[in-house]
Amino acid sequence: MLIAVDFDGTIVEHKFPAIGKERPFAIHTLKQLLADGHRLILWTNRQGELLDEAVAWCHERGIDFYAVNKCYPEETEAFNEPRKIKVDLFIDDRNVGGLPQWGEIYSIINRHISYRQCIMDDLGTRHIQQPKKHWWQRK
């Protein structure tokens, strides 16, 4: 799977332009995703020296990205168009509902389930209100 991962607020706490503390289990989870054969793309608003610092910070911790701010390593800015990335999944703190815990992120990817299903599995169905039966539905 090709996965885009944000840096500030996702891998590290949001302290831009500084690099914040690592979010709990972020590096461990990213290493496991790499070991599972996924390709990771660092997809961040950082540019220039700030981007180089983020890439170096990840490299020092054993995370080397397939590509950085592009779809694949050989991509060039030949067409001068707005950036658009083609990936299977985004991991970003700006998701609707916020960023799940990194253990939940791994479970979602590894088990190929939705975040909703992950929560339902954690809570058990006893806590989830079942939808009402309607007159047209049979038992």
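A brief structural summary. (Residues numbered from 1 in each chain as written. Predicted model: local features only at pLDDT ≥ 70, side-chain atom pairs only at ≥ 80, totals over all residues. Heavy atoms only, no water.)

Digging into the pairing of strand 2 (residues 39-42)
No. 1: In terms of strand pairing, strand 1 (residues 2-5) meets strand 2 through four bridges, oriented parallel. Bridged to I3 within strand 2 is L40.
No. 2: For the handedness criterion, the β-α-β arrangement of strand 1, helix 1 (residues 26-35) and strand 2 is classed as right-handed.
No. 3: Note that strand 2 and strand 3 (residues 67-68) share two bridges and pair parallel. Its bridge partner being in strand 3, L42 is matched across the sheet by V68.
No. 4: Tracing the backbone out of strand 2, into helix 2 (residues 48-60) and back to the parallel element strand 3 gives a crossover that is right-handed. (Pairing = 2+ DSSP bridges. Helix = DSSP H or I, 4+ residues; strand = E, 2+ residues; numbered from the N terminus. Right-handed = clockwise from strand over helix to strand, strands pointing away.)

Overview of the nonpolar core
Most often, soluble globular proteins have nonpolar side chains that are buried together.
No. 1: Ranked by internal contacts, the top residues of the largest apolar core, which has 22 residues, are V5, F7, I11, L30, I91 and W102.
No. 2: Put simply, the parts of the chain that give this core at least two residues each are strand 1, helix 1, strand 2, helix 2 and helix 3 (102-111).
No. 3: Non-local contacts of F7, meaning those with residues more than four positions away in its chain, are made with V12, I19, L42, W43, T44, R46, A54, W57 and C58.
No. 4: Core analysis: the second largest hydrophobic core is formed by eight residues, A4, I41, A67 and I85 among them. (Core = buried A, V, L, I, M, F, W, Y, C linked by side-chain atoms within 4.5 Å. Buried < 20%, exposed > 50% of the residue type's maximum accessible area, 1.4 Å probe, protein only. Contact = heavy atoms within 4.5 Å.)

Section: unusual backbone geometry
No. 1: That bond from F16 to P17 is cis: its omega, 10 degrees, falls within 30 degrees of zero.
No. 2: Position of P17 relative to the elements: it lies in the loop between strand 1 and helix 1.
No. 3: Even without a glycine there, the phi angle at N69 is positive, about 55 degrees.
No. 4: On the secondary structure map, N69 appears in the loop between strand 3 and strand 4 (89-91).
No. 5: Looking at N69, the relative accessible area reads 13%, which means it is buried.
No. 6: The phi angle at H112 is positive, at roughly 55 degrees, despite the residue not being glycine.
No. 7: Looking at where H112 falls in the secondary structure, it is placed in the loop between helix 3 and helix 4 (115-123).

Digging into the sheet that holds strand 1
No. 1: A sheet is described by the order of its strands in space; here four strands give the open sequence 3-2-1-4, paired in parallel fashion. The open sheet has two edge strands with one neighbour each: strand 3 and strand 4.
No. 2: Sheet topology places strand 1 next to strand 4; three bridges connect them, and they run parallel. Bridging across to strand 4, V5 finds its partner in I91.

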